Amino acid sequence: MSVEHSDLEQFSEIIAATRALLLSERSRGVHYLPVTPPDQLAAALEEPKAVSQPEKRRQARAPEQTLETRKQAKAVTSKLYGDLSPALLEVYNEAKECVQCPLSEGRKQVVFGIGANDADLMIIGESPGAIEDVRGEPFVGPIGDMLNKMLVNVVGLSRTQVYLVNAVKCKVKGGKSANIDEITQCKGHLKRQIKAVSPKLILCLGEAAAQSVVQSSKSVEELRGSWYDFEEIPVLVSFNPAFLLKNPKFKRPVFNDLKLLAAKYDELGGAR
Ligand code: URA
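Just so it is clear, the structure is predicted and the values come from calculations on it, not from any experiment.

1. Considerations on the pattern of salt bridges
Once the charged atoms of two side chains with opposite charge are near each other, the side chains can pair.
Part 1: Across all of its chains, the model carries eight salt bridges by this definition.
Part 2: Of the charged contacts in the structure, one is a salt bridge between D120 and K200, with a shortest N-O distance of 3.9 Å. With D120 in the loop between β1 (113-115) and β2 (121-125) and K200 in the loop between α9 (180-197) and β4 (201-205), the pair connects residues that are 80 residues apart, well separated along the chain.
Part 3: Classification of D120 by relative accessible area gives buried; the value is 13%.
Part 4: Where R159 meets E137, a salt bridge forms, and the shortest distance between an N and an O atom there is 2.9 Å. Note that R159 is positioned in the loop between α8 (141-155) and β3 (163-166) and E137 in the loop between α7 (130-135) and α8, a separation of 22 residues in sequence.
Part 5: On the basis of relative accessibility, which here comes to 17%, the residue R159 falls in the buried class.
Part 6: Under the relative-accessibility criterion, E137 is labelled buried at 12%.
Part 7: One network of salt bridges, with partners in common, ties together E90, E94 and R192.

See the structure below:
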């Protein structure tokens, strides 16, 4: 079979164009392209269908997703945090690599946040303990059990109806509280999580949470019982369940705080 010079020229043009396309895909983070089975190839070569206006608006809102971010989204979905909204996924991808403060050296993993991506109530704790560090999830173990019970029995919401997060995403060595530098370093991630979830109400449990959100160094004792706001979202402060486990006499004040919270939640039309 003889090959014409013009065929060779066309062939090299196709190779060059394919190479350029693959290099551009690689620069966008795509390292793998599926082979299209022949029966799907015809469909893929068909004229694209007209895109409806609502679909165009949806596409304009959604951030561009490379194959890499889609794979990460799938991994996150199947692993721990459920389906992450694109805005939360973006924060997660940054937070999980964070080495902004020395706490990153002592962690097993970043404990991000968990719950309904569009929850009307966001609960902000202080920092992960040893169990959370292993599990990668905030408020687990005996402290988590206590929080779950308080939520269901007093507020009437389950753990999966709210969004749980900590002011500081890495374990603090020796079970200590996070210091103001660590709280400040982590604040950017927390702020973006609040923005992504956009809750109607925030509950801060413990001093580190209050310091981050209410920006006050007062004690929980002094702060509780009043409403504060974070970018127009009402914020209530109460004791952390870790503190309650050691000091059960504070259960009554926490019960009162949660009643106040539940009433505000209903007043603002929080989902039940
Ligand atoms: N576990 C957490 O994840 N946060 C707290 O504040 C306390 C225990």
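Right, picking up where we left off after that structure.
2. Thoughts on the packing of aromatic side chains
Part 1: The tally for this structure, following the rule as stated, stands at six aromatic pairs.
Part 2: With a centroid separation of 5.9 Å and 70 degrees between ring planes, the pair formed by Y81 and F112 is classed as edge-to-face. Here Y81 is found in the loop between α4 (67-79) and α5 (86-95), whereas its partner F112 is found in the loop between α6 (103-106) and β1, with 31 residues between them in sequence.
Part 3: Taking relative accessible area as the criterion, F112 reaches 0% and is therefore assigned buried.
Part 4: These aromatic residues form a ring-pair network of at least three members: Y81, Y92 and F112.
Part 5: If you follow K264 out to its NZ or CZ, it ends over the ring of W227, 5.1 Å from the centre.

3. Topic: the site of the ligand
Part 1: Neighbouring the ligand are the residues G125, E126, S127, E132, P138, F139, I143, N166 and N240.
Part 2: For the ligand, a nitrogen atom lies 2.8 Å from a polar atom in the side chain of N166.
Part 3: The fraction of the free accessible surface of the ligand (240 Å²) that becomes covered by protein chains is 95%.
Part 4: By residue class, the composition of the shell around the ligand is three nonpolar, four polar and two charged.

4. A closer look at the environment of V152
Part 1: Tracing the sequence through the fold places V152 in helix α8.
Part 2: When its relative accessible area of 45% is taken as the criterion, V152 is described as partly exposed.
Part 3: Once residues within four sequence positions are removed from consideration, V152 is found in contact with L157 and S158.

5. Structural notes on the packing of α8 against helix α13 (residues 251-267)
Part 1: At a closest axis distance of 10 Å, the pairing of α8 and α13 adopts a crossing angle of 55 degrees. Judged by the angle between their axes, α8 and α13 are oblique. Between α8 and α13 the crossing geometry is right-handed. Across the interface between the two elements, M146, M150, V154 and V155 from α8 touch K251, V254, F255, L258, K259, L261 and A262 from α13.
Part 2: Taken together, the residues of the contact of α8 with α13 sort by class into nine nonpolar, no polar and two charged.

6. So, α8
Part 1: Helix length check: α8 (15 residues) gives 20 Å between terminal C-alpha atoms against 21 Å at 1.5 Å per residue, within 8%.
Part 2: Among the residues of α8, those classed as buried are G144, M146, L147, M150, L151, V154 and V155. Across the axial projection of α8, the buried residues extend over an arc of 160 degrees, all falling on one side. Those residues of α8 that are exposed and aimed more than 90 degrees away from the buried face are P142, K149 and N153.
Part 3: Elements that come into contact with the buried residues of α8 comprise β2, β3, β4, α12 (241-246) and α13.
Part 4: Note on α8: the residue one or two positions beyond its end, G156, has a positive phi of about 80 degrees.

Reading the values: the criteria
- Residues numbered from 1 in each chain as written.
- Predicted model: local features only at pLDDT ≥ 70, side-chain atom pairs only at ≥ 80, totals over all residues.
- Heavy atoms only, no water.
- Salt bridge = Lys/Arg side-chain N within 4 Å of Asp/Glu carboxyl O.
- Helix = DSSP H or I, 4+ residues; strand = E, 2+ residues; numbered from the N terminus.
- Buried < 20%, exposed > 50% of the residue type's maximum accessible area, 1.4 Å probe, protein only.
- Phe/Tyr/Trp six-rings, centres within 6.5 Å; stacked < 30°, edge-to-face > 60°.
- Lys NZ or Arg CZ within 6 Å of the ring centre and 35° of its normal.
- Near = heavy atom within 4 Å.
- Polar contact = N/O pair within 3.5 Å; in protein donor to acceptor, adjacent residues only side chain to side chain.
- Areas by Shrake-Rupley, 256 points an atom, 1.4 Å probe, with all protein chains shown as cover.
- Nonpolar A, V, L, I, M, F, W, Y, C, P; charged D, E, K, R; others polar.
- Contact = heavy atoms within 4.5 Å.
- Axes fitted to C-alpha atoms, helices over the stretch in contact; angles between N-to-C directions.
- Parallel < 35°, antiparallel > 145°, perpendicular 65-115°, else oblique.
- Left-handed = near helix turned anticlockwise from the far one by under 90°.
- Expected span 1.5 Å × (residues − 1).
- Arc of directions from axis to C-beta.

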